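Descriptive analysis of the structure
The residues making up each chain are set out below.
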Amino acid sequence: MPFFIEVILPLALPKPFTYSVTQAEYAFLKPGMRVAVPFGRNKIYTGLVIALHENPPQLYEAREIHQILDDDPLVTAIQLSHWQWVANYYMCSIGEVYRSAMPSGFLLESETIITQHKDFNSETGDLTDDEYLVYEALQKQSALKVQEVAAILNKKTILPVINRLITKNAVMLQEEMSEKYKPKSIRYIRLPEEFMREEQLSELIEVLSRAQKQREAVMQYFQLQASEKKPVTAKKLNDAGINSTIIKSLVDKGIFEEYYIDEDRVKFEGNDDAGFGLSPKQKEAFDEIKTSFEQKDVTLLHGITSSGKTEIYIKLIEEYINSGQQVLYLLPEIALTTQLVVRLTAYFGNQVAVFHSKYSNNERVEVWNQVLSASEKAKVVIGARSALFLPYQHLGLIIIDEEHEPTFKQQDPAPRYHARDAAIVLANAHKAKVLLGSATPAIETYYNASGGKYGYVELKERYGNVMPPEILLIDLKDKYKRKQMTGHFSDMMIEAITETLANGKQVILFQNRRGYSPWVECLTCGHVPQCPQCDVSLTYYKYKNQLRCHYCGHHIAKPTHCHQCQSPDLDTKGFGTEQIELELKTLFPDKHSWRMDQDTTRGKHGYEKIIDSFKNREIDILVGTQMLAKGLHFDNVALVGILNADNMLYQPDFRAFERAYQMMVQVAGRAGRKDQRGKVLIQTYNPLHNIIRQVTDNDYEGMYKEQLYERHNFKYPPFFRLVRVTLRHKDYEKVKDAAIWLFNVLSQQLGVTVLGPEEPGINRIRNEYIRTIMIKIPQGAALGGTKKAIERILASFDAVPQYRAVRVTLNADPY
DNA sequence: AGCACGCCGACT
DNA sequence: GTCGGCGTGCTC
């Protein structure tokens, strides 16, 4: 009797694959277990079992599995159906969801290793130059990876070379599975039992009286044991000033014993300090949320900046974990986890786990296992969007902080999911509650709350009665006319900075562009240097004296002459954070200013370092991009300056105004202190613009109504669901034709509004031309059916020979 | 996603 | 003439 399993692979393939298993394997396997399976010529992938059955496939012979990798399911049934939902809704394969949901430590795959054939003689077997190069490299290094061979030969196609070497008996191929997860073991030191008796011990001290250092080590050991009341690690002894060689000699003498225990890498130590109270307003909001949860599964907590939302979250988390449930706390930015972990571990100690993509493989595997086993160590999971995919058992509550943040939507590789929306679906499967928190809710969210679909709780008062900041506008047109500008700073801005710094307070300046200037222009002929691979001008970076492309990273030295007319008169146009920082150095030479943008926050802790030194007041003025707008708290900042509000307003995106509002309000919210009212200065050419006025008046409602009206008129969310189709190809004409073909078919067959094909503002990236088509699905139309139809049409598109080389991506709810 | 197969241009 | 480029199809 044959037995089969259905397996999904971590690839962009639409359907599962069938493998045959033995009866014993069949009895052992369950959906959610991993199996290593051969796939294609000689690759082995980590597949995931989703079903077992006894129906032999008709059209092919099922292959046998290579190995079972788990004793128990690693993925729950709820996860599998949630992944399927993500795949359907966001129009990708379940394999892509699987690949991004699992820590890569779980997704072992084979790697082809090339090794030397031992009885090959290079004298007799004659090799070509390429073949000899590989052979020679193998003399030095016993094994090579395929990629390494490509590097040695400096070629793309190397398999023919390897195949010839195999025929000549010079090398062999091997498939190697690398075990990516290794538990970390910690070395402990102890005294053998016999020394535990009094008389033996004094004898030991006696013996060591002449070996001062060793005696000291033993004494230190006792001290550590007495003070810590737990096993002593070798590291603790080292820290206490005991040299490793001394420990080693004591071990050799049999006085110390060493032993190892596998340890969790991720560990926090907290002191239980639940003794904080909510302010009356917070308490009120807290009670309202609980009442709301009795009726609604999702509730929006609309709390202005600095209203103390976190304390409310903590109180809620406490209730859910006390009732034995798990809590997920999603943040928009990895960098924010550090601050939050400190706060949460203070209350919940070791019950807090952290999960995000910058964590190492091992750490992520550990958190996965803890969540799966409903471990005490992972009652609360803090993480960025990927934490959504952990194997929760009893999920009771999901908190999504700063729910309006666009980073919750994954942009590039598929699955292009929105963590907020996918979280609501997940919570539904767990019968859990969702709390969305924001000072500036997304239009869609606020719409759902006002329509009664979500509960709504407001928190209007700043915590500790901090006054909301005073927001002032500076009209740039006027300031330039009156010649009251120094560089990009108006006299008012300079005055305010001077005053703030004189009071010992700090300043944050916001400019949503990096580099020195976004483009360079020839004064003689007007030529602007462009990226050779993308349709953008090159950004000038003064400190590197370079022109760089923000899309593909292409860079050249700053030219001394115009490439078009040889004129040496080149001018920089526009300004970015780098220029502001340089201007600050001249304006305030004795103050310390620093820049925070993608260019200065590279590296694992780049961001935290800047935040820390700003908190420690080593930096007086911090200049930054939108990174500054994300829920950071600084209590010594008295002034926030927005250098140019206009470039945010004129983006070709239906969300541009909403975004600009959110960004300005969020940045303004950084100006808050306990004792004195903070100040926000906004420089703009459009002081009468509605969005600017709504920011100064703190008029969220006004912004919402106006934007909602626009959304309704122009067929945008929440009234219409969008699916964006992007076509890419290096041949301009080909994408153009393909896009027209696809547009025609879509608009004829879907029965909904289809717009396009549009040449985007930036129509070429990395030498590929781009066209987009926008599909607008009205509320009430069959969303799933339309998406199915889109996929069907795409399949027929793929069947047209001249178009199939055009790469097509789908983005549901593009943000 | 890989990887093999098969067809065309640029070199020995 | 061959090598190596790339477009096409398939993987249980």
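Residues numbered from 1 in each chain as written. Chains lettered and ligands numbered in written order. Predicted model: local features only at pLDDT ≥ 70, side-chain atom pairs only at ≥ 80, totals over all residues. Heavy atoms only, no water.

1. Quick word on the overall build of chain A
Counting its secondary structure elements, chain A contains 26 helices and 37 strands. Taken against the 2.2 N^0.38 rule, which gives 28 Å for 815 residues, the C-alpha radius of gyration of chain A at 31 Å falls within 12% of a compact globule. Per-residue burial for chain A yields a buried fraction of 51% across its 815 residues. Sequence separation of at least 24 residues holds for 74% of the intrachain contacts in chain A that already meet a minimum separation of 6. In the structure as shown, chain A presents an accessible area of about 38,700 Å², 49% of it carried by carbon and sulfur atoms. A gap of 4 Å separates the mean positions of the 99 positive and 100 negative side-chain charges of chain A. (Helix = DSSP H or I, 4+ residues; strand = E, 2+ residues; numbered from the N terminus. Rg over C-alpha atoms; globule rule 2.2 N^0.38 Å. Buried < 20%, exposed > 50% of the residue type's maximum accessible area, 1.4 Å probe, protein only. Contact = heavy atoms within 4.5 Å. Areas by Shrake-Rupley, 256 points an atom, 1.4 Å probe, with all protein chains shown as cover. Lys, Arg positive; Asp, Glu negative; His and termini not counted. Charge placed at Lys NZ, Arg CZ, Asp CG, Glu CD.)

2. Concerning the UniProt feature "binding site: Zn(2+) 1" (unreviewed entry) in chain A
In this structure's numbering, the residues bearing the UniProt feature "binding site: Zn(2+) 1" (unreviewed entry) are C522, C525, C562 and C565. These annotated residues cover 44 residues of sequence, but their C-alpha atoms sit close together, with the largest distance between any two at 8.6 Å. The class of C525 is partly exposed, set by a relative accessible area of 38%. Those residues in contact with C525, other than ones at most four positions away along the chain, are C562, Q564 and C565. With respect to the secondary-structure elements, C565 resides in the loop between β27 (555-557) and β28 (570-573). (UniProt positions renumbered as here; feature names shortened; annotations may be inferred.)

3. Observations concerning the protein's contact with DNA strand B
Close contacts around DNA strand B come from L13, R41, K43, Y45 and L159, and that covers them all. The class makeup of the residues in the surface near DNA strand B is three nonpolar, no polar and two charged. (Near = heavy atom within 4 Å. Nonpolar A, V, L, I, M, F, W, Y, C, P; charged D, E, K, R; others polar.)

4. Some words on the nonpolar core
Grouped together as the largest cluster of nonpolar side chains are 156 residues, with contacts concentrated most on W83, L344, M664, L727 and I775. Per-element tally for this core: the top contributor is helix α25 (residues 732-750), with eight residues. Contact partners of M664, with chain neighbours within four places excluded, come to I642, A645, M648, I682, I691, I692 and V695. (Core = buried A, V, L, I, M, F, W, Y, C linked by side-chain atoms within 4.5 Å.)

5. Quick word on α25
Taking 1.5 Å of rise per residue, 19 residues should cover 27 Å, and α25 covers 27 Å from first to last C-alpha, within 8% of that figure. Within α25, the full set of buried residues consists of V735, A738, A739, L742, F743, V745, L746 and L750. The distance from a side-chain oxygen at the start of α25 to the backbone nitrogen of E733 is 3.0 Å, and the residue carrying that oxygen is D731. Of the residues flanking the end of α25, it is G751, one or two places downstream, whose phi is positive at about 70 degrees. (Expected span 1.5 Å × (residues − 1). Polar contact = N/O pair within 3.5 Å; in protein donor to acceptor, adjacent residues only side chain to side chain.)

6. Brief notes about the environment of L459
Assignment of secondary structure puts L459 in strand β19 (residues 455-459). Taking the C-alpha atoms as reference points, L459 and H302, 157 residues apart in sequence, are found 6.1 Å from one another. Those residues within four positions of L459 in sequence are excluded, and the remaining contacts are K281, Q282, A285, L301, H302, G303, I304, S307 and I312.

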